[in-house]
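Okay, here's what each chain looks like letter by letter:
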Amino acid sequence: GIYNHPSVINAMFSLVTGSLSLNVGLRAVAPSRTAPSRTVAPSMNYYAVFHNFKPGKADEFWGAMGDVDFAAMAEAQHEAGIYNHYFMPSDVEGPIMCLWECKDKEMGSDDFQAFIDGPESPAADLMNKVYPINGMGVTPSSAWPTMPAAPTKSSGSFFWVKHTFNQGEAPAFWESMATIDMEAFAAANKEKGFVNHLFLPTTDPSTVFCVWESKAPMTVPEFTAFIDGPEGPSPGTFANAAYAVMEGGTVPSAAFPVSWLDETVAKIEELLPLKLDDIVAKLKEFQAAK
C-alpha cells in the first residue's frame, strides 16, 4: 500500500516531528495512598488516546498525511486550546498512542471525545479510546503559554507501555507510592539504562500508561524482559503491553541524548558508499593480505 513507500513515511514523519514535538519538563505530583479518579483535575487536563485503525483504513490515513501542513496544524491546535504533545505510532497498522492537553481545565471527557472523533481532529477516521489522566500523573510541562520546543534525539529507543493491574494488585501498588523515594527510584533505573519519562494513571482504575527510554537501541522483546522482570519497576503488579515508537514519532526530549560524535559519524556514514564497519573490514583484509 501507499504507506509502504519510504518517501511517504519519511516525509510524513519529518513533518510530524518538526511540528508536534516538545522539550519535556517532568512535573512530579506528590504520591498519595490511593489513585483518586477525576472528571477534571484543577491543575491539569491531559488525555491519553489509544488509536486503532478501522479495517482497511491505514493506507488512507498515511496517504493523507502527505498533504497535511503539520506546522500550521500545530499552531491551530495551540490557538484552539487542544494540543497534541506526543504522536507515538508502534506500526503502520497501529496501534498509536497520543498524549493531548486541553488548555481549558474545565473541558471534560465527553467534550474531548467529541473533538478527537470529530471533523477537526487528525484522528477522525480512527477508533479512539480516550483515557483521562488523573491528578497523580507525571506529565509534560504545559503547552501554554508557550508552544513546546523540539526535543533532543535519543541514543536509544522509546517505548510506551499500557499497564493493566493484575487482580488484587492495585491497592498495594498505590500504598507503596506513598513511601517510595522517587529520586532514588529514577537514579536506579537510569543506572540500568532506562528512564521513565511519563507516568500516566488514568481514570480507568485498571489502566496506567508510561513512556520509557532506553540508553541503547532495543527491541520490544528486550524491553519487555526488563519491564516484566525482577529489575523492572513493579514486578508482578501489571500485565504489560509494550510498544516501540516508530522512527519519526514525537517523544520526550532524550535523557540519553545522541552525542556530537555519534551524530557526526552517522552523517559521515550517510555520505559514504560503504559503512564504517565495511571500511574497517576492508582495511583488515588488506593488511592480512600483505
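The following paragraphs examine the structure supplied in this document. (Residues numbered from 1 in each chain as written. Predicted model: local features only at pLDDT ≥ 70, side-chain atom pairs only at ≥ 80, totals over all residues. Heavy atoms only, no water.)

Here the focus is the sheet that holds strand β5 (residues 157-165). Ordered by their spatial adjacency, 4 strands build an open sheet running β6-β7-β5-β8, and the pairing between neighbours is antiparallel. Because the sheet does not close on itself, it has two edges, and the strands there are β6 (194-201) and β8 (238-244). With direction set aside, neighbouring strand axes in the sheet form an average angle of 20°. Where β5 lies against strand β7 (residues 207-214), 8 bridges are found, and the strand directions are antiparallel. Paired with S157 across the strands is S214, a residue of β7. Sheet strands in contact with helix α5 (residues 170-177) are β5, β6 and β8, and its direction is about 115° off that of β6. (Pairing = 2+ DSSP bridges. Helix = DSSP H or I, 4+ residues; strand = E, 2+ residues; numbered from the N terminus. Axes fitted to C-alpha atoms, helices over the stretch in contact; angles between N-to-C directions. Contact = heavy atoms within 4.5 Å.)

A word on the packing of aromatic side chains. Aromatic rings considered in pairs are described by the distance between their centres and by the relative angle of their planes. Taken as a whole and judged by the stated rule, the model has 26 aromatic pairs. Ring centres of F50 and W160 lie 5.7 Å apart, and the angle between their planes is 80°; on these two criteria the pair is classed as edge-to-face. With F50 in strand β1 (residues 46-53) and W160 in strand β5, this residue pair connects regions lying 110 residues apart in the sequence. Relative to F226, the ring of F194 lies with its centre 3.8 Å away and its plane at 5°, an arrangement referred to as stacked. With F194 in strand β6 and F226 in helix α7 (residues 220-228), this residue pair connects regions lying 32 residues apart in the sequence. As far as the burial class goes, F194 and F226 line up, both buried. Linked through ring pairs, F159, F194, W212, F223 and F226 together constitute an aromatic cluster. Cation over ring: K162 sits above F50, and NZ or CZ is 5.0 Å from the ring centre. Residue placement shows K190 over the ring face of F256; its charged tip is 5.8 Å from the ring centre. (Phe/Tyr/Trp six-rings, centres within 6.5 Å; stacked < 30°, edge-to-face > 60°. Buried < 20%, exposed > 50% of the residue type's maximum accessible area, 1.4 Å probe, protein only. Lys NZ or Arg CZ within 6 Å of the ring centre and 35° of its normal.)

A few words on the pattern of salt bridges. The final tally for this structure, using the stated rule, is 3 salt bridges. Measuring nitrogen to oxygen at the nearest pair gives 3.3 Å for the salt bridge that ties K57 to E60. Exposure remark for K57: the relative accessible area of 32% places this residue in the partly exposed category. Between K192 and E231 there is a salt bridge whose closest N-O contact spans 3.5 Å. Placement of the pair is K192 in helix α6 (residues 182-192) and E231 in the loop between α7 and β8, with a sequence separation of 39 residues. Take K192: its relative accessible area is 37%, and that puts it in the partly exposed class. A relative accessible area of 48% places E231 in the partly exposed class. (Salt bridge = Lys/Arg side-chain N within 4 Å of Asp/Glu carboxyl O.)

Another point: the sheet that holds strand β3 (residues 96-102). Taken in spatial order, the 4 strands line up as β2-β3-β1-β4 in an open sheet, and their pairing is antiparallel. The open sheet is flanked by β2 (82-89) and β4 (126-132), the only strands paired with a single partner. Going across the sheet, the axis of each strand differs from the next one's by a mean of 25°, ignoring polarity. With 7 bridges joining them, β2 and β3 adopt antiparallel strand pairing. In the sheet register, P89 faces β3, and the bridge partner there is I96. In the packing of helix α2 (residues 58-65) onto the sheet, the strands contacted are β1, β2, β3 and β4, and the crossing angle to β1 comes to about 120°. Sheet strands touched by helix α4 (residues 109-117): β1, β2, β3 and β4. Its angle to β4, the strand with the most contacts, is close to 155°.

Before going further, it helps to examine α5. When we look at burial in α5, the residues that qualify are A170, F173, W174 and M177. With its buried residues spanning 90° around the axis, α5 presents them on a single face. Tucked inside the fold, the buried residues of α5 contact β5, β6 and β8. (Arc of directions from axis to C-beta.)

Looking now at the nonpolar core. Taken as a class, soluble globular proteins show a tendency for nonpolar side chains to be buried jointly. Membership of the largest hydrophobic core comes to 23 residues, with the highest contact counts inside it found for W62, I96, W100, F112 and I116. Elements represented by at least two residues in this core include exactly β1, α2, β2, β3, α4 and β4. The residues touching F112, leaving out its near neighbours within four places in the chain, are Y47, V49, I82, W100, C102, M107 and V130. By size, the runner-up hydrophobic cluster in this structure holds 19 residues, among which are F159, F173, F199 and F226. (Core = buried A, V, L, I, M, F, W, Y, C linked by side-chain atoms within 4.5 Å.)

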